[in-house]
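Structural description and commentary
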Amino acid sequence: MNNTRIFKTSVASVYPHYIQKAEKKGRTKAEVDDIISWLTGYNKQTLQKHIDNKTDFETFFADAPKLNPNVSKITGVICGYRVEEIEDKLMQKIRYLDKLVDELAKGKTMDKILRK
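These figures come from a predicted structure and were not determined experimentally.

**Quick look at the nonpolar core**
By size, the foremost hydrophobic cluster in this structure holds 36 residues, and its most contacted members are Val32, Ile35, Leu39, Phe57, Phe61 and Leu97. For this core, the secondary structure elements donating two or more residues are α1 (11-24), α2 (29-40), α3 (44-52), α4 (57-62), α5 (89-105) and α6 (110-113). In terms of residue count, α5 provides more of this core than any other element does, 8 residues in total. In this structure isoleucine 35 touches Leu97, Leu100, Leu104, Met110, Ile113 and Leu114, once residues within four positions along its chain are discounted.

Here it is as C-alpha cells:
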C-alpha cells in the first residue's frame, strides 16, 4: 500500500463523503462526528476547525489530542487490506476511520462501533 497522496488530501474534501455514506443508510452526521471524536480525541469545535481550515490527513492525525486506546480492536478488511496489518501508521489511522464509517453505514450499533 503505497498511496501517500491521501496524506495530503484535506479532511474537508472527504468528510462530506463520510456524511453522505452514513445518511444514505439512515445514520446521522452527529454519529459520524462521534466516531471521529472517539478515534482522534477531537471535540466538535476542534473537528469543525480542522474541516474549515482544510487540514490534510497527515496534520489532522499528527495534531489529534489522543488516539483512542481501543483502536487495536478495529479489525477487518478495508480497500482489500486488513486494517490491523497495515504497516504505515498514518495509513492505518486513515483506514481505521474508513472502517468505522463503513460499520456505521452497515448498521452496526454505536456501542459496537466504538468498541464498548
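**Observations regarding α3**
Residue pairs three or four apart in sequence face the same way in an α-helix, which turns once every 3.6 residues. Those residues of α3 that fall on the buried side of the exposure criterion are Leu47, His50 and Ile51. Along the axis of α3, the buried residues cluster in a sector spanning 100°; they form a single face. More than 90 degrees from the buried face of α3, the exposed residues found are Gln45 and Asp52. Those residues of α3 that are buried are in contact with α1, α2 and α4. The residue sitting at the N-terminus of α3 and contributing the capping side-chain oxygen is asparagine 43; that oxygen lies 3.0 Å from the backbone nitrogen of glutamine 45.

**So, the pattern of salt bridges**
Applying the stated rule across the entire model yields 9 salt bridges. Across the salt bridge formed by glutamate 103 and lysine 108, the nearest N and O atoms sit 3.9 Å from each other. Taking the relative accessible area as the measure of exposure, lysine 108 reaches 35% and is therefore partly exposed. Where arginine 115 meets glutamate 103, a salt bridge forms, and the shortest distance between an N and an O atom there is 2.6 Å. Here the residue arginine 115 occupies a position in the segment after α6, and glutamate 103 occupies one in helix α5, the gap between them amounting to 12 residues. When its relative accessible area of 5% is taken as the criterion, glutamate 103 is described as buried.

**Some points on the packing of aromatic side chains**
Per the counting criterion, the structure on display carries 3 aromatic pairs. Judged by centre distance (6.4 Å) and plane angle (15°), the ring pair of phenylalanine 57 and phenylalanine 61 falls under stacked. With phenylalanine 57 and phenylalanine 61 both in helix α4 and 4 residues apart, the pair spans about one turn of that helix. Neither phenylalanine 57 nor phenylalanine 61 differs from the other in exposure class; each is buried. Through a chain of ring-to-ring contacts, the aromatic side chains of Tyr42, Phe57, Phe60 and Phe61 assemble into a single cluster.

**A short note on the packing of α2 against α5**
Where α2 contacts α5, the two axes come as close as 10 Å, and the packing angle between them is 145°. Crossing geometry of α2 relative to α5 is assigned as right-handed. Between α2 and α5, the residues in contact are Glu31, Val32, Ile35, Ile36, Trp38 and Leu39 and Lys93, Tyr96, Leu97, Leu100 and Leu104, respectively. Residues belonging to the contact of α2 with α5 are distributed by class as follows: 9 nonpolar, no polar and 2 charged.

**Considering the side chain of serine 37**
Here serine 37 shows up in helix α2. The contact partners of serine 37, leaving out residues within four places of it in the chain, are Tyr42, Asn43 and Lys44.

Calculation criteria
- Residues numbered from 1 in each chain as written.
- Predicted model: local features only at pLDDT ≥ 70, side-chain atom pairs only at ≥ 80, totals over all residues.
- Heavy atoms only, no water.
- Core = buried A, V, L, I, M, F, W, Y, C linked by side-chain atoms within 4.5 Å.
- Buried < 20%, exposed > 50% of the residue type's maximum accessible area, 1.4 Å probe, protein only.
- Helix = DSSP H or I, 4+ residues; strand = E, 2+ residues; numbered from the N terminus.
- Contact = heavy atoms within 4.5 Å.
- Arc of directions from axis to C-beta.
- Polar contact = N/O pair within 3.5 Å; in protein donor to acceptor, adjacent residues only side chain to side chain.
- Salt bridge = Lys/Arg side-chain N within 4 Å of Asp/Glu carboxyl O.
- Phe/Tyr/Trp six-rings, centres within 6.5 Å; stacked < 30°, edge-to-face > 60°.
- Axes fitted to C-alpha atoms, helices over the stretch in contact; angles between N-to-C directions.
- Left-handed = near helix turned anticlockwise from the far one by under 90°.
- Nonpolar A, V, L, I, M, F, W, Y, C, P; charged D, E, K, R; others polar.

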